[in-house]
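Single-letter residue listing:
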Amino acid sequence: MYVVTGATGQLGRLVVEGLLAQVPASEVAVAVRSAEKAADLAARGVAVRVVDYDKPETLAGAFAEGDRVLLISGSEVGRRIPQHRAVVEAAKAAGVALLAYTSIPGAATFRLADEHKATEELILASGLPHAFLRNGWYTENYLGDAAGTVARGVVLGSAGEGRVATAPRRDYADAAVAVLVGEGHEGRVYELSGDAAWSLPELAAELAKASGKPVEHRDVTPAEHLDALVGAGLPQGFAEALVDVDAGIARGELAGTPGDLARLIGRPTVPLAESVRTALDA
């Protein structure tokens, strides 16, 4: 069986769709907290296994010997190490054939990287056959409110001229599917990113070009950036994490373009300009 954790999330659903395009639904299972949210998948023949990372006992039946598992990193920053440990221990006890984990670029030193690196260490210590999918940033991180950004006319950040090599979630999902259904990925570390890195000024230019409206880049200090994010309604802790990431981008930590993602999916990654047009059309 191919088992996807966190399968009702944005990335997880794309992975499941990719699997269903290649293998029968009877070979796909999802490990999720809410059976209700996965009801549509169950209706298509996907096995739904209800688990709670905070209750390790619920993971006892999540995996079986020979399963190929994708552990999509949890969303609860600050709690992910014990949660991931529970999954790794359950996978080891079951004797899964492969545990693939969605990690973070190896060059990252910002705080959000800490739990990912700790999880990689847990997986290595487990002795499980594994693959690390070190996902770079999603283009959607910047285009979730593309129309609003255009309306405001400002792309604001504190990354300066730092560059980030993004790709859409679907590209990363396709890479995960390729690793799950493919052969020879055990022990591999993939540094996944878009084919081209871009800067926030370039993002502003693409938004202006696609919309026909003026959009400028406004670089601010980290303190000003934090105030703006909190003022926009983001929780303080999350806002601080985003500002910290911008500092990492300014240091070049998300600019790498080794080409692993394109090689795994067998095609170029979707360029920024195309993603901008798609976001604005939506």
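Residues numbered from 1 in each chain as written. Predicted model: local features only at pLDDT ≥ 70, side-chain atom pairs only at ≥ 80, totals over all residues. Heavy atoms only, no water.

Q: Could you clarify how one ought to interpret helix α10 (residues 236-250) in this entry?
A: Because an α-helix completes one turn every 3.6 residues, residues spaced three or four positions apart along the sequence face the same direction. The first and last C-alpha atoms of α10 sit 21 Å apart over 15 residues, in line with the 21 Å expected at 1.5 Å per residue. Of the surrounding secondary structure, the elements contacted by the buried residues of α10 are α5 (140-143), β7 (154-157), β8 (163-164) and α9 (222-231). Where α10 ends, the next residue or the one after it, Gly252, has phi of about 90 degrees, a positive value. (Helix = DSSP H or I, 4+ residues; strand = E, 2+ residues; numbered from the N terminus. Expected span 1.5 Å × (residues − 1). Contact = heavy atoms within 4.5 Å.)

Q: How should I be thinking about the sheet that holds strand β3 (residues 47-50) in this particular structure?
A: Neighbouring strands of a sheet are bound in pairs by backbone hydrogen bonds; such pairs are parallel or else antiparallel. On the basis of which strands lie adjacent, the open sheet formed by seven strands has the order β3-β2-β1-β4-β5-β6-β9 and parallel pairing. Each of the sheet's edge strands pairs with one partner strand only, and the pair in question is β3 and β9 (188-192). Between one strand and the next, the sheet's axes are offset by a mean angle of 15 degrees, whatever the strand orientation. Relative to β3, strand β2 (residues 28-32) runs parallel, the two sharing four bridges. What sits directly across from Val30, in β3, is Val48. Along the sheet, helix α1 (residues 10-20) contacts β1 (2-5), β2, β4 (68-71), β5 (98-103) and β6 (130-135); its crossing angle with β1, the most-contacted strand, is approximately 165 degrees. (Pairing = 2+ DSSP bridges. Axes fitted to C-alpha atoms, helices over the stretch in contact; angles between N-to-C directions.)

Q: Any chance you could explain the pattern of salt bridges here in plain terms?
A: Any two side chains of opposite charge can pair, given that their charged atoms come close. Taken as a whole and assessed by the stated rule, the structure comprises 20 salt bridges. Between Asp52 and Arg33 there is a salt bridge, and its shortest N-O distance comes to 3.7 Å. You can see Asp52 sitting in the loop between β3 and β4 and its partner Arg33 sitting in the loop between β2 and α2 (39-43), a full 19 residues away along the chain. Owing to a relative accessible area of 44%, Arg33 belongs among the partly exposed residues under this scheme. A salt bridge links Glu120 to Arg134; the shortest N-O distance between them is 2.7 Å. Taken together, the positions of Glu120 in helix α4 (residues 113-126) and Arg134 in strand β6 put the pair 14 residues apart, joining distant regions of the chain. On the basis of relative accessibility, which here comes to 7%, the residue Glu120 falls in the buried class. Residues joined in a network through salt bridges with shared partners are Arg33, Asp52, Asp54, Glu76 and Arg79. (Salt bridge = Lys/Arg side-chain N within 4 Å of Asp/Glu carboxyl O. Buried < 20%, exposed > 50% of the residue type's maximum accessible area, 1.4 Å probe, protein only.)

Q: Looking at this structure, how should I read the packing of helix α3 (residues 80-94) against α4?
A: Each pair of packed helices can be summarised by the angle the axes make with each other and by the distance between the axes. Running from N to C, α3 and α4 point in directions that differ by 20 degrees, and their axes come no closer than 10 Å. Classified by the interaxial angle, the pair formed by α3 and α4 is roughly parallel. α3 and α4 meet at a crossing whose hand is right-handed. In this structure, α3 contributes Arg80, Ile81, His84, Arg85, Val88 and Lys92 to the contact, and α4 contributes Glu115, His116, Ala118, Thr119, Leu122, Ile123 and Ser126. Across the contact of α3 with α4, the residue classes tally to five nonpolar, four polar and four charged. (Parallel < 35°, antiparallel > 145°, perpendicular 65-115°, else oblique. Left-handed = near helix turned anticlockwise from the far one by under 90°. Nonpolar A, V, L, I, M, F, W, Y, C, P; charged D, E, K, R; others polar.)

Q: Where do I start with α1 in this structure?
A: For α1, the buried fraction is high: eight of the eleven residues fall into the buried class. Along α1, the positions that sit buried rather than exposed are Leu11, Gly12, Leu14, Val15, Val16, Gly18, Leu19 and Leu20.

Q: Looking at this structure, I do not really get the environment of Ala279. What am I missing?
A: As for its placement among the helices and strands, Ala279 is situated in helix α12 (residues 272-281). For Ala279, a relative accessible area of 24% puts it in the partly exposed group. Each C-alpha atom, one on Ala279 and one on Thr119, is 33 Å from the other, the two residues being 160 residues apart in sequence.

Q: When you look at the nonpolar core in this model, what are you seeing that I'm missing?
A: Across soluble globular proteins, nonpolar side chains show a tendency to be buried alongside one another. In this structure, Val15, Leu19 and Leu70 are the most contacted members of the largest nonpolar core, which totals 37 residues. Those elements giving two or more residues to this core turn out to be β1, α1, β2, β5, β6, α7 (169-181), β9 and α11 (260-265). In terms of residue count, the dominant contributor to this core is α7 (seven residues). Apart from residues no more than four positions distant in its own chain, Leu70 is found in contact with Val3, Val4, Thr5, Val15, Ala100, Thr102, Leu133, Ala176 and Leu180. In terms of nonpolar packing, the next biggest core, distinct from the first, is built from 26 residues, Leu143, Val150, Leu203 and Val245 among them. (Core = buried A, V, L, I, M, F, W, Y, C linked by side-chain atoms within 4.5 Å.)

Honestly, it's all geometry; don't read function into it.
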